[in-house]
Amino acid sequence: MSGIVFIRRQLVVFGITSLFSTVSLGAGFEVPHKSIYGVGLANAVVADVTGYGATPYNPALMILYPGFSGSVGALVNRPENEVRLSATGSSVEGQRDDTFVAPYLFGSGQINDYFWAGIAAHAPFGQGTDWPAGTFTASGPLQALTPTETFARIVTIAPVVAYRLNDNVGFSLGADVYRVTKVELNTTVTQLEGDGDGVGWQIGAFLRQGLWSFGAHYHSPATLDLEGNSESPLGKIAIESGLELPYRFQMGLQYQASQKISAEFDFVRVGWSSYDTLDVTNKSTGALLSRVNNNWRDVNGLRFGVKYRYSDRFTFTTGYTHERTPQADQYFSPRTPGSNRNAYSLGAEYRANRNIVINLGYIFVDLNDRQPETTGPQTTADHNGTDTIAGDYKSSLHALGMSFTYQYY
């Protein structure tokens with residue numbers, strides 16, 4: 001009987017501990033894209049004083065755009081995940097959907113000579129995987145805990161204000177209101193669904209001096225309160241937890257090499273060490289069901305983008321990103337088949353008239369093949385880093401998007 005109680009508890013815990021362990025476009029489960037314009041420059045735009053699509057990355061740049069401006073777009077993503085299992089030598093695909101669409105929205109307006117207000121909406125964290133049942137093999141009752149489908153998406157609504165010190169210096173301050181819109185987490189015999197929310201803050205600044213501009217932006221850490229239900233053959237349990245989202249910092253330099261060419265280099269740091277442990281409690285009793293150690297690490301990234309203004313109507317962009325994974329081998333999970341990654345992007349902009357701009361952006365995210373060094377046979381409910389998940393993991397993603405921007409001034 002004690003073994004059944006143990007397994008029941010672990011069925012509940014194992015689902016929620018993997019809540020945001022999904023393949024994403026950035027390191028960890030971050031999705032760094034905030035505009036289609038930014039996609040075309042591999043998101044190296046925090047200091048970009050030449051394109052309105054940079055403002056969601058650094059709202060201090062709003063002061064460069066008088067009147068009212070608004071942009072709406074969508075990015076169509078096609079992920080690919082595959083593992084060649086060490087135990088059997090067979091290859092299995094694990095993407096949840098062939099394609100999925102991520103929308104983007106940002107708008108700003110001038111209040112007076114010194115203040116602007118804006119609002120952004122996008123999904124900064126999430127994505128999903130889906131491994132067929134039986135892909136991973138564990139001994140005895142632990143087989144019931146092997147992962148299958150994972151889906152989670154966090155959206156944010158971000159109201160911001162910007163202050164204009166002068167034509168070349170601006171500052172911004174705002175809130176990040178997070179909502180976990182949907183969670184689906186399954187193992188071989190369990191299904192979990194839930195949602196949650198939380199609030200953080202953000203601050204940004206930019207400085208322009210001659211042909212150079214500097215920008216920096218910071219998102220604070222945030223705690224999301226999560227509630228959900230885990231259902232298995234042993235019954236249904238209401239659970240709750242808290243997820244610590246990391247801080248995100250980006251700073252960069254842009255150089256206007258000529259009237260036609262500009263280039264930007266950015267440094268990024270994400271505080272994934274906040275994702276060190278995750279407590280899960282019984283919602284009804286408040287009893288601690290489990291404390292899971294993730295021990296992720298803070299990671300750095302580099303981004304580079306180049307913009308070429310071909311004519312008054314057409315502009316072309318390209319970019320490159322390198323980001324490291326925050327997850328060590330001993331905590332590797334097929335729900336997060338991540339590794340160090342490189343991304344390559346292309347973009348185009350068409351200015352239809354004084355008020356309307358159309359952007360296209362494409363990015364290819366290539367994750368390094370990864371063969372985690374496992375720690376030995378799985379002996380508990382946690383499969384991370386064990387022989388159960390041993391294999392050669394390959395992941396990549398293609399994304400193509402379009403946006404429309406209207407500027408009234």
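The text that follows walks through the structure, step by step, so that each part is easy to find. (Residues numbered from 1 in each chain as written. Predicted model: local features only at pLDDT ≥ 70, side-chain atom pairs only at ≥ 80, totals over all residues. Heavy atoms only, no water.)

**Remarks on the pairing of strand β6 (residues 169-187)**
Consecutive side chains of a regular strand alternate in pointing toward one face of the sheet and then the other. Note: strand β5 (residues 147-166) against β6, 15 bridges, orientation antiparallel. Along β6, the bridge assignment pairs Thr-156 with Tyr-178. What sits between the antiparallel neighbours β5 and β6 is a turn of two residues. Note: β6 against strand β7 (residues 191-209), 16 bridges, orientation antiparallel. Residue pairing in the sheet places Leu-185 in a bridge with Leu-192 of β7. (Pairing = 2+ DSSP bridges. Helix = DSSP H or I, 4+ residues; strand = E, 2+ residues; numbered from the N terminus.)

**Quick notes on a nonpolar patch on the surface**
On the surface, Val-72, Leu-105, Ile-119, Ile-157, Val-177, Val-199, Leu-360, Met-402 and Phe-404 cluster together to form a nonpolar patch covering roughly 750 Å² of accessible area. Secondary-structure assignment places Ile-119 in strand β4 (residues 115-130). (Patch = residues over 30% accessible without salt bridge, like charges linked within 9 Å, V, L, I, M, F, W, Y side chains within 5 Å. Areas by Shrake-Rupley, 256 points an atom, 1.4 Å probe, with all protein chains shown as cover. Salt bridge = Lys/Arg side-chain N within 4 Å of Asp/Glu carboxyl O.)

**Some thoughts on the nonpolar core**
Within soluble globular proteins, side chains that are nonpolar generally end up buried alongside one another. Counting residues in each nonpolar core, the largest one holds 23 residues, and the members touching the most others are Phe-29, Ile-154, Leu-224, Leu-243, Leu-245 and Trp-272. Listed by contribution, the elements that provide at least two residues to this core are β5, β6, β9 (222-232), β10 (235-245) and β12 (261-270). Here Leu-245 is in contact with Phe-29, Phe-125, Ile-154, Tyr-178, Pro-221, Ala-222, Leu-224 and Ser-274, once residues within four sequence places are set aside. (Core = buried A, V, L, I, M, F, W, Y, C linked by side-chain atoms within 4.5 Å. Buried < 20%, exposed > 50% of the residue type's maximum accessible area, 1.4 Å probe, protein only. Contact = heavy atoms within 4.5 Å.)

**Comments concerning the pairing of strand β16 (residues 314-323)**
Only one face of β16 is covered, namely the face carrying Thr-315, Thr-317, Gly-319, Thr-321 and Glu-323; the face carrying Phe-314, Phe-316, Thr-318, Tyr-320 and His-322 is uncovered. As defined by bridge partners, strand β15 (residues 299-309) adjoins β16 across nine bridges and the pair is classed as antiparallel. Across the sheet, the residue bridging to Arg-309 is Thr-315, located in β16. Linking β15 to β16, which pair antiparallel, is a turn of four residues. Judged from the 10 bridges that link them, β16 and strand β17 (residues 341-351) form a sheet pairing that is antiparallel. Across the sheet, residue Glu-323 finds its bridge partner in β17, namely Arg-341.

**Details of the side chain of Thr-146**
Tracing the sequence through the fold places Thr-146 in the loop between β4 and β5. What makes Thr-146 buried here is its relative accessible area of 2%. Of the polar contacts made by the side chain of Thr-146, one reaches the backbone oxygen of Gln-143; its length is 2.9 Å. At a separation of 2.8 Å, a polar atom in the side chain of Thr-146 contacts the side chain of Thr-188. Discounting residues that sit within four places of it in the chain, Thr-146 has contacts with Phe-136, Ala-138, Thr-187, Thr-188 and Thr-388. (Polar contact = N/O pair within 3.5 Å; in protein donor to acceptor, adjacent residues only side chain to side chain.)

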